[in-house]
Each structure stands twice: as C-alpha cells, then as structure tokens.
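Summary of the model geometry
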Amino acid sequence: MKIPLKVLVEGALSAALAVALSYFKLFSMPQGGSVSLTLLPLLIFSFRNGARYGIFAGAVTGLLRLMLGGYVVHPLQALLDYPAASALIGLAGFFPHRKWLGVLCACSANFAAAVLSGVIFFSSYAPEGTNVWLYSAVYNGSSVVPETVILTALVYLIMPKLKKAE
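The paragraphs below set out a description of the structure included in this document. (Residues numbered from 1 in each chain as written. Predicted model: local features only at pLDDT ≥ 70, side-chain atom pairs only at ≥ 80, totals over all residues. Heavy atoms only, no water.)

**Some details on the nonpolar core**
One finds Leu-43, Phe-47, Ile-89, Val-103, Leu-151 and Val-155 to be the most contacted residues of the largest nonpolar core, which totals 19 residues. Looking at this core, the elements with two or more residues in it are α1 (5–21), α2 (40–49), α3 (51–67), α5 (99–121) and α6 (132–165). In terms of residues, this core owes the most to one element, α2, which gives six residues. (Core = buried A, V, L, I, M, F, W, Y, C linked by side-chain atoms within 4.5 Å. Buried < 20%, exposed > 50% of the residue type's maximum accessible area, 1.4 Å probe, protein only. Helix = DSSP H or I, 4+ residues; strand = E, 2+ residues; numbered from the N terminus.)

**Side note on the packing of α3 against helix α4 (residues 75–87)**
At a minimum axis separation of 5 Å, α3 and α4 run at an interaxial angle of 145°. In terms of crossing hand, the pair formed by α3 and α4 is right-handed. When α3 is examined against α4, the residues Gly-54, Ile-55, Gly-58, Ala-59, Gly-62, Leu-63, Arg-65 and Leu-66 are found in contact with a partner set consisting of Ala-78, Tyr-82, Pro-83, Ser-86 and Ala-87. Looking at the contact of α3 with α4, its residues break down into eight nonpolar, four polar and one charged. (Axes fitted to C-alpha atoms, helices over the stretch in contact; angles between N-to-C directions. Left-handed = near helix turned anticlockwise from the far one by under 90°. Contact = heavy atoms within 4.5 Å. Nonpolar A, V, L, I, M, F, W, Y, C, P; charged D, E, K, R; others polar.)

**Focus: the packing of α2 against α3**
Contact geometry for α2 and α3: axes closest at 7 Å, N-to-C directions at 155°. Overall, the two elements α2 and α3 adopt an arrangement that is roughly antiparallel. With respect to the hand of their crossing, α2 and α3 are arranged in right-handed fashion. Where α2 approaches α3, its residues Leu-42, Phe-45, Ser-46 and Asn-49 are matched on the opposing element by Ala-51, Tyr-53, Gly-54, Ala-57, Gly-58 and Thr-61. Here the contact of α2 with α3 is composed, by residue class, of five nonpolar, five polar and no charged. (Parallel < 35°, antiparallel > 145°, perpendicular 65-115°, else oblique.)

**Brief notes about α4**
An ideal rise of 1.5 Å per residue puts 18 Å on 13 residues; α4 measures up with 17 Å between its terminal C-alpha atoms. Its axis deflected by about 25° at Asp-81, α4 carries its strongest bend there, up to four residues before the proline Pro-83. Residues of α4 that are buried include every one of Gln-77, Ala-78, Leu-80, Tyr-82, Pro-83, Ala-85, Ser-86 and Ala-87, and no others. In this fold, the buried residues of α4 make contact with α2, α3 and α5. (Expected span 1.5 Å × (residues − 1). Bend = angle between axes of the 7 residues up to and from the residue.)

Geometric descriptors of this kind do not, in isolation, establish any biological role.
Here's what the structure looks like:
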C-alpha cells in the first residue's frame, strides 16, 4: 500500500496532535476516564482522507499513547484500550458528507471497545451485585456522551474553515 506523501504527513501530524491533546483533560473521572479533545484531529483526518487512512492513523495514535504511559493490566487490555479503540475513530471516514453520523459511529465504536474492556478487565470496580455490563456502560458513557457532543460541534465549526484554507 503506497500512501501519498500529503496523506502520510497529515496523518502523522494528526496522530501527534491527538497525543498532545490527550494530556489536556476538560474533566476527569475517578478511575481514569476523561473528556478531552484527543479524538478531534483523528476525526478530521478521517473525514478528509477516508476510513482506510483514518483507521491506520488512529491505530498509530493508540500505539503512541500506549508507549507514552498507557495504563496496562493485561496485554489484551492494552491492545483493546489503545490501538484498537483509537483505530475505530477512523470509521468516521465512511461518512464524509454526514459528519454527525461519522462522529456518532466512531464514538460509538470507541465506546463499545471501552465497555468491553471494562467488563473483561475492570469488572472488580463494579459495586457488589451490580451488573458489570451496566456498570461499564454507565461509567464509560459518562465521559463518551459529553465528548461526542463536544466533538460533533467542533467538527462542524472547524471543517468549513479547513475547506476554505485548501
């Protein structure tokens, strides 16, 4: 697969910006979840260049975040929470003309990965007698839902300005 230089550079810059943004939290959850703008560069890159390149840039971003201090309890959890979850953001590239649907699809897939990881690897945090699927969905949803709303608004604000700059 030969990647055009422009796409390669934009993907590298998007991954680097996503990693940098991961250090700035809008707010944090008690056990590690947070709301940030980490996914914004990956969403924009995916809309501009398609799902194939978006998935790749997301996976690279996840690997970088993992190498720069990811929280790991098991090797499979590391893969699910970092490169796989970030790669799923590239799914937005399937919806270049319906950006709200792209953000919703990408964030929902990312949410599904987080819920699965929560059920498999972090179920011990659920209060006794609580359904672990429900606990993981509520816990992860408390950060994914506001993040999805914020990202959707920002995509609609930023994308028209990028088209003018081309």
